[in-house]
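So you can see what is in the structure, the chains are spelled out below.
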Amino acid sequence: NEKIETVARVLIEKLYIVEIEKQSATGRYKTAKKAPKPLSSQTIEQSQHVSPPTKQTSTYKSTNVWSCVENISEFVSCIVDAAAPTTTVLDEFDKDDMLAMRFVTASSNLRSMVFGIEPIQSFYSAKGIAGNIIPAIATTNAIVAGLQVLQVFHILQNQLPKEDENTTSTSLKDKCRYIYCNREKTRKGLYLLPTTLPDPNPNCFVCRNATISLTIHVEKWTLESMLETIIKKELGFHEPTILLEGDIVYEEGEGADTDAYTSNLQKTLPTLPCGGIQNGTVLSIEDFSQDLEVDVCVTHQDEWPLDEGEEEANGGGDKNNNESGGGTAEGKYIIGGKKPTVSSNTSPEESTATKENGKEKQATASAPTQNNDDDDDDIVIVEENDNEPSKDDSNNGVKRSAESMDDDDKKQPPAKKAKLAPAVEDKNWESAAAAAASSSSNDVEVIEID
């Protein structure tokens, strides 16, 4: 027992003196509100002459708070008792096991004294705290799991056939709810707060659709032809990275090792690495330059319908006949689902990089929507001459300004409304505003510039 007691005190010294000093030297606790204070070697030596509190049968009470020396003595006593051949040590913690609770109380109190955590707990209080940890976790998990199952019921009920055929189906957004579990009750005394589901993000492929389906004859397509025709032209990727089973088979863009994957371009889809592209293969396509990511589920189709005016003799899939509109399987494909769109954080230059015509770029970036009925954003600027014009001249000038706009001016996008109060409200300003309002079918805002 003396050897075990010596080893136990050395263990306390390593845990509560040496380790604390080592961590403090590395600056681990420099941002802590209270810097830890290691135990003293004198305190550990004094514990040799103090009996453990739980062994003091005459004065022991479970509600007593142990001193630092008593906690050390109890810690050593637990190590000695655990090493006894007649003691059965449980594999898992049990709050009803006396030896386990003695050790937890002594070790946690010593750590609290080192880090200045208050209050120091008695054996009775420590047993209550340790006993409530597992039920608290289980209760929280049970509440959340129950709420999840309730939402699953709503999803299943929405998929059941309606008894009344005329009844309109209700969307999941109307049935399902987000439910927040609050630590404190609300003013109405509620701990569970349900909220409606938000609308799907139109720029998020996961919210909008799960995968894009692609039907092709996999043996008649090479990776290069699929890259140029489908991935870049149809799906709008600029610098795609193609992955099969998590491994890259082709990549482009800044920092990409394109030369390493050039040999894959001339391969047919089934002969690509990682098992190739077969019927049912799902390939992932990413484009970090546009913040795009999409999964494509490939379906193989052997027979394809003939195009209009095509002879059956040309339907065998000869690559040379594809340019003349023949019914070759290599040039035919079917894309299902919505195509991915560039997210809102992508720059306009990137989002219009596939446009070949410069005018199309400008129209895509700045053309107003056709259904915009807000006509009061038109602005006519009236400049005053040094010689103040008469009331009639001012009116005529404004009329000419409003009526002299040609068709090209009217097609320009409306300018942002500027709300500027006139510096001086005189008769010229009032007459100009009245004439401008009457000269056009739209509401016109007149701004006077000094």
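Computed from a predicted model, the values in this text were never measured in an experiment. (Residues numbered from 1 in each chain as written. Predicted model: local features only at pLDDT ≥ 70, side-chain atom pairs only at ≥ 80, totals over all residues. Heavy atoms only, no water.)

**Concerning the confidence of the model for the chain**
Predicted coordinates in areas of low pLDDT are best not read in detail.
Item 1. On average, residues of the chain carry a pLDDT of 74, and 64% of them reach 70 or more.
Item 2. Here residues 312-327 is modelled with pLDDT under 50, and outside its nearest four sequence neighbours on either side it reaches 24 contacts, counting other chains as well. (pLDDT = per-residue confidence, 0-100. Contact = heavy atoms within 4.5 Å.)

**Side note on unusual backbone geometry**
Item 1. In this chain, Glu118 is followed by Pro119 through a cis amide linkage whose omega measures 0 degrees.
Item 2. Tracing the backbone through its elements, the reader meets Pro119 in the loop between helix 4 (98-115) and helix 5 (123-159).
Item 3. One non-glycine residue with positive phi stands out, namely Cys274, at about 60 degrees.
Item 4. Mapped onto the fold, Cys274 is located in the loop between helix 9 (258-261) and strand 6 (282-287). (Helix = DSSP H or I, 4+ residues; strand = E, 2+ residues; numbered from the N terminus.)

**Remarks on empty space enclosed by the protein**
Item 1. According to the stated counting rule, one finds one cavity of 30 Å³ or more in the structure shown.
Item 2. Approximately 50 Å³ is the volume found for the largest cavity.
Item 3. Around the largest cavity, the lining residues are Ile212, Ser213, Leu214, Met226, Ile230, Ile231, Leu235, Ile285, Val296 and Ile335.
Item 4. Secondary-structure elements contributing two or more residues to the lining of the largest cavity are strand 3 (212-216) and helix 8 (223-234).
Item 5. When the residues that make up the lining of the largest cavity are grouped by side-chain class, the tally is nine nonpolar, one polar and no charged. (1 Å grid on protein atoms, 1.4 Å probe; cavity = no way out; pocket = protein on both sides within 12 Å on 5 of 7 lines; lining within 4 Å. Points joined across faces, edges and corners; volume = space filled by probe spheres on them. Nonpolar A, V, L, I, M, F, W, Y, C, P; charged D, E, K, R; others polar.)

**Some points on helix 1 (residues 2-25)**
Item 1. With 24 residues, helix 1 ought to run about 34 Å at 1.5 Å a step, and its terminal C-alpha atoms sit 33 Å apart, in line with that.
Item 2. The largest bend in helix 1 is about 35 degrees, located at Lys14.
Item 3. Taken together, the buried positions of helix 1 are occupied by Ala8, Arg9, Ile12, Tyr16, Ile17, Ile20 and Gln23.
Item 4. Packed against the buried residues of helix 1 are helix 2 (41-46), helix 3 (68-83) and helix 4. (Expected span 1.5 Å × (residues − 1). Bend = angle between axes of the 7 residues up to and from the residue. Buried < 20%, exposed > 50% of the residue type's maximum accessible area, 1.4 Å probe, protein only.)

**Brief notes about the sheet that holds strand 3**
Item 1. The strand order 5-4-6-7-3-8 describes an open sheet built from six strands, whose pairing is mixed. Bordering the open sheet on either side are strand 5 (247-251) and strand 8 (334-336), each of which pairs with just one other strand. Each neighbouring strand pair of the sheet contributes to a mean axis angle of 25 degrees, computed without reference to strand direction.
Item 2. Two strands pair when backbone bridges link them, and strand 3 and strand 8 are joined in this way by three bridges, in the antiparallel orientation. Across the sheet, Ser213 pairs through a bridge with Gly336, a residue of strand 8. (Pairing = 2+ DSSP bridges. Axes fitted to C-alpha atoms, helices over the stretch in contact; angles between N-to-C directions.)

**A short note on the packing of helix 3 against helix 4**
Each pair of packed helices can be described by the angle between their axes along with the distance between the axes.
Item 1. Look at helix 3 against helix 4: their axes get within 9 Å of each other, and the N-to-C directions meet at 145 degrees. Here helix 3 and helix 4 pass one another in a crossing that is left-handed. Listed contacts from helix 4 to Cys68, Asn71, Ile72, Glu74, Phe75, Ser77, Cys78, Ile79, Asp81 and Ala82 of helix 3 are Leu99, Arg102, Phe103, Thr105, Ala106, Ser107, Asn109, Leu110 and Met113.
Item 2. Its residues placed into classes, the contact of helix 3 with helix 4 shows eleven nonpolar, five polar and three charged. (Left-handed = near helix turned anticlockwise from the far one by under 90°.)

**Quick word on the nonpolar core**
Item 1. Of all hydrophobic cores here, the largest spans 27 residues; its most connected members are Met226 and Leu283.
Item 2. Elements that contribute at least two residues to this core include exactly strand 3, helix 8, strand 4 (241-244), strand 5, strand 6 and strand 7 (292-300).
Item 3. Broken down by element, this core gets its largest block of residues, five residues, from helix 8.
Item 4. Ignoring sequence-local partners within four residues, the contact set of Met226 consists of Leu214, Trp221, Ile231, Leu269, Ile277 and Leu283. (Core = buried A, V, L, I, M, F, W, Y, C linked by side-chain atoms within 4.5 Å.)

**Here's the deal with the packing of aromatic side chains**
Item 1. Counting across every chain of the model gives three aromatic pairs.
Item 2. Arranged with centres 5.9 Å apart and planes meeting at 75 degrees, the rings of Trp221 and Tyr333 form a pair that is edge-to-face. Taken together, the residues span a long stretch of sequence, with Trp221 in the loop between strand 3 and helix 8 and Tyr333 in the loop between strand 7 and strand 8 at a distance of 112 residues.
Item 3. For Tyr333, a relative accessible area of 24% translates into the label partly exposed. (Phe/Tyr/Trp six-rings, centres within 6.5 Å; stacked < 30°, edge-to-face > 60°.)

**Quick word on the packing of helix 1 against helix 3**
Item 1. In the contact formed by helix 1 and helix 3, the axes pass within 9 Å of each other and the chain directions differ by 130 degrees. By the angle between their directions, the pair helix 1 and helix 3 is classed as oblique. The way helix 1 lies across helix 3 gives a crossing that is right-handed. Across the interface between the two elements, Ile4, Glu5, Ala8, Arg9, Leu11, Ile12 and Tyr16 of helix 1 pack against Ile72, Phe75, Val76, Ile79, Val80 and Ala83 of helix 3.
Item 2. Of the residues in the contact of helix 1 with helix 3, the class split is eleven nonpolar, no polar and two charged. (Parallel < 35°, antiparallel > 145°, perpendicular 65-115°, else oblique.)

**Here we look at the pairing of strand 6**
Item 1. Pairing of strand 4 with strand 6 involves four bridges; the strand directions are antiparallel. Each bridged residue has a counterpart across the sheet, and for Thr241 the counterpart in strand 6 is Glu286.
Item 2. Bridge analysis of strand 6 against strand 7 gives six bridges, and the strand direction is antiparallel. Residue pairing across strands places Ile285 opposite Val294, the latter belonging to strand 7.
Item 3. Linking strand 6 to strand 7, which pair antiparallel, is a turn of four residues; within it Asp291 sits at a positive phi near 60 degrees.

**Structural notes on the pattern of salt bridges**
Item 1. Across all of its chains, the model carries seven salt bridges by this definition.
Item 2. Between Asp96 and Lys95 there is a salt bridge, and its shortest N-O distance comes to 3.4 Å.
Item 3. Look at Asp96 and you get exposed, because its relative accessible area is 53%.
Item 4. The partly exposed category is assigned to Lys95, whose relative accessible area is 32%.
Item 5. Residue Lys232 is joined to Glu228 by a salt bridge in which the shortest nitrogen-to-oxygen separation is 3.8 Å. One end of the pair, Lys232, and the other, Glu228, are both in helix 8, four residues apart, so they sit about a helical turn from each other.
Item 6. The exposure class of Glu228 is partly exposed, given its relative accessible area of 42%. (Salt bridge = Lys/Arg side-chain N within 4 Å of Asp/Glu carboxyl O.)

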